[in-house]
Amino acid sequence: MSIQAHQEYIQTKINPILESLVTQVLLERPEEPIPFMIAWLSDQAKTTPGSERPGAGETLDSLRRQVAELKEKLGDIQSNNPAEEAPQ
């Protein structure tokens, strides 16, 4: 295989998977990232045959739910730990 073929394979097959994986790890920040990554890759492998990634609509809905959950958690944290007044 030529260098160009390797690069094309990486760009089309590997990078999309790694980008999605890293995004999920950063969003969820698991205590144990390796088992999380293994589980995430396993879940991705279980998607419908012939599709390498979930549909854009599914991904968008999932991300919106995660953002809403994170905003709720942030609100809970902020209400339980009010910040000190900033010096003027």
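Look up: the structure comes first, before these words.
Presented here is an overview of the structure given in this document. (Residues numbered from 1 in each chain as written. Predicted model: local features only at pLDDT ≥ 70, side-chain atom pairs only at ≥ 80, totals over all residues. Heavy atoms only, no water.)

**With respect to the packing of helix α1 (residues 3-28) against helix α2 (residues 33-45)**
At their nearest, the axes of α1 and α2 sit 11 Å apart, and the two run at 130 degrees to each other. On the basis of their axis angle, the class for α1 and α2 is oblique. In this structure, α1 meets α2 at a crossing whose hand is right-handed. Packed against α1, whose contacting residues are Ile 17, Ser 20, Leu 21, Gln 24, Val 25 and Glu 28, the element α2 presents Phe 36, Met 37, Trp 40 and Leu 41 at the interface. A breakdown of the residues in the contact of α1 with α2 according to their chemical character gives 7 nonpolar, 2 polar and 1 charged. (Axes fitted to C-alpha atoms, helices over the stretch in contact; angles between N-to-C directions. Helix = DSSP H or I, 4+ residues; strand = E, 2+ residues; numbered from the N terminus. Parallel < 35°, antiparallel > 145°, perpendicular 65-115°, else oblique. Left-handed = near helix turned anticlockwise from the far one by under 90°. Contact = heavy atoms within 4.5 Å. Nonpolar A, V, L, I, M, F, W, Y, C, P; charged D, E, K, R; others polar.)

**What about α2?**
Its 13 residues give α2 an end-to-end C-alpha distance of 18 Å, which sits within 8% of 18 Å, the value for a rise of 1.5 Å per residue. Considering only its buried residues, α2 is in contact with α1. (Expected span 1.5 Å × (residues − 1).)

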